[in-house]
Amino acid sequence: PPFDGVPLARGGHWLLGHMRALSVGAGGGDGDEKFGAGPESVMAKPSDPKTGLCSFFIFGTPAVSVLRGSDVRAVLNASSFRKPVAMMKRHNDEFLGPYALTALVGREWKRYRSAVHRSFTPAALAESQEAINAVGNALSASLQRAAAMEGSGQFTVKVLPLMKMATMDVFGMSALGVDLGCCSALQLSPVA
């Protein structure tokens, strides 16, 4: 194991690490897997019941899963160090952009993390949960409708604009009390 006293998830590949197992239930299989089955099998099931810790590999980079909320808070407050996995960096830059919050490292990450942290407390998320659910359902229905209208069985859509639409709709509903309708129309609202 890469970390003393922390159990290592089984089934790692010499090059890919646990990436294949992590992708199970993420839409890459035949659809029979429960959503999130891969992360659960790698990060939760093999964890030590006493500590809630488990180690695994993202390609060749060792990682640790921390399951207890108090431990997560301690880890996030103790360090701002984040090292991107080189094999995934290009994909993430293309998918989310090089300046996305998930791509930031060092001081820049620590500055934004402390600002964003206040928005993601359990109380703040509970207040927004209804809007998040409504936007997710609207986006899902719109994508299913668009795919059915396509009719060819081939339906392609860029993810980044969808994420912007969902973000704007959740913000509009949660903060402004207005449905901007981006996800319903699959277009960014002129108001947004």
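Everything numeric here is computed off the predicted structure, so don't read it as measured data. (Residues numbered from 1 in each chain as written. Predicted model: local features only at pLDDT ≥ 70, side-chain atom pairs only at ≥ 80, totals over all residues. Heavy atoms only, no water.)

**Student:** Before we go on, may I ask you to explain the layout of surface pockets in this structure?
**Tutor:** Left-over empty space is what a probe sized like a water molecule reveals as it rolls over the atoms. Here the second largest pocket defines a volume of roughly 890 Å³. Taken together, 22 residues line the second largest pocket, and the ones lying closest to its centre are Phe 120, Met 163, Ala 166, Thr 167 and Val 170. Taken together, the elements giving at least two residues each to the lining of the second largest pocket come down to α6 (122-150) and α7 (159-176). Examining the composition of the lining of the second largest pocket, we find that nine residues originate from one element, α7, more than from any other. (1 Å grid on protein atoms, 1.4 Å probe; cavity = no way out; pocket = protein on both sides within 12 Å on 5 of 7 lines; lining within 4 Å. Points joined across faces, edges and corners; volume = space filled by probe spheres on them. Helix = DSSP H or I, 4+ residues; strand = E, 2+ residues; numbered from the N terminus.)

**Student:** Just checking my understanding: could you explain the environment of Ala 74 for this structure?
**Tutor:** Looking at the element boundaries, Ala 74 is found in helix α3 (residues 69-78). You can call Ala 74 partly exposed: its relative accessible area is 45%. Considering only alpha carbons, one finds Ala 74 and His 18, 56 residues apart in sequence, at a separation of 25 Å. (Buried < 20%, exposed > 50% of the residue type's maximum accessible area, 1.4 Å probe, protein only.)

**Student:** Can you walk me through the environment of Pro 190 in this structure?
**Tutor:** In this fold, Pro 190 is placed in the segment after α8 (182-185). Put simply, Pro 190 and Leu 180 are ten residues apart on the chain and 8.9 Å apart in space, counted from C-alpha to C-alpha.

**Student:** It is not clear to me how the pattern of salt bridges should be interpreted in this structure. Could you clarify?
**Tutor:** Pairing is possible between side chains that carry opposite charge, provided their charged atoms lie close to one another. The full count for this structure, using the stated rule, is one salt bridge. Asp 93 serves as the salt-bridge partner of Lys 89, at 3.1 Å between the closest nitrogen and oxygen. Taken as a pair, Lys 89 and Asp 93 lie in helix α4 (residues 86-96) at a separation of four residues, close to a single helical turn. (Salt bridge = Lys/Arg side-chain N within 4 Å of Asp/Glu carboxyl O.)

**Student:** I keep staring at α7 and nothing clicks. Help me out?
**Tutor:** One turn of the α-helix equals 3.6 residues, which is why residues spaced by three or four share an orientation. Here α7 is 18 residues long and its end C-alpha atoms lie 25 Å apart, about the 26 Å a rise of 1.5 Å per residue gives. Of the positions making up α7, those classed as buried are Leu 162, Met 165, Ala 166, Asp 169, Val 170 and Gly 172. When α7 is viewed along its axis, its buried side chains cluster within an angular range of 160 degrees and face the same direction. In α7, the exposed positions that point more than 90 degrees away from the buried face belong to Thr 167 and Leu 176. Its buried side turned inward, α7 meets α6 and α8. Positioned one or two residues after α7, Gly 177 has a phi angle of 70 degrees, which is positive. (Expected span 1.5 Å × (residues − 1). Arc of directions from axis to C-beta. Contact = heavy atoms within 4.5 Å.)

**Student:** Sorry, what's going on with the packing of α6 against α7 here?
**Tutor:** For any two helices packed against each other, the geometry is given by the interaxial angle and the distance between the axes. Closest axis-to-axis distance for the α6/α7 pair is 9 Å, and the angle between their directions is 140 degrees. The hand of the α6/α7 crossing is right-handed. Across the interface between the two elements, Ser 128, Ala 131, Ile 132, Ala 134, Val 135, Leu 139 and Leu 143 of α6 pack against Leu 162, Ala 166, Asp 169, Val 170, Met 173 and Ser 174 of α7. Among the residues forming the contact of α6 with α7, the class breakdown is ten nonpolar, two polar and one charged. (Axes fitted to C-alpha atoms, helices over the stretch in contact; angles between N-to-C directions. Left-handed = near helix turned anticlockwise from the far one by under 90°. Nonpolar A, V, L, I, M, F, W, Y, C, P; charged D, E, K, R; others polar.)

**Student:** Help me understand the nonpolar core in this model?
**Tutor:** Within soluble globular proteins, side chains that are nonpolar generally end up buried alongside one another. Membership of the largest hydrophobic core is limited to nine residues, which are Val 135, Leu 139, Leu 162, Met 165, Ala 166, Val 170, Leu 180, Cys 182 and Cys 183. Only α6, α7 and α8 provide two or more residues apiece to this core. At four residues, α7 tops the list of elements feeding residues into this core. Each residue touching Met 165, except ones within four places of it in the same chain, is listed here: Cys 182, Cys 183, Leu 186, Gln 187 and Leu 188. With six residues, the next largest nonpolar core counts Leu 22, Cys 54, Phe 56 and Ala 63 among its residues. (Core = buried A, V, L, I, M, F, W, Y, C linked by side-chain atoms within 4.5 Å.)

**Student:** Before we go on, may I ask you to explain the confidence of the model for the protein chain in this structure?
**Tutor:** Any segment with low pLDDT has predicted coordinates that should not be analysed in fine detail. Residue-level pLDDT values for the protein chain average 83, and 92% of them are 70 or greater. Per-element confidence in the protein chain ranges from a low mean pLDDT of 76 for helix α5 (residues 106-117) to a high of 94 for α8. (pLDDT = per-residue confidence, 0-100.)

**Student:** In this structure, what is going on with the environment of Cys 183? I would like to understand it.
**Tutor:** Within the element layout of this structure, Cys 183 appears in helix α8. Sequence-wise, Cys 183 and Asp 4 are 179 residues apart; in three dimensions their C-alpha atoms are separated by 47 Å. Contact partners of Cys 183, with chain neighbours within four places excluded, come to Val 135, Ala 138, Leu 139, Ser 142, Met 165, Ala 166 and Asp 169.

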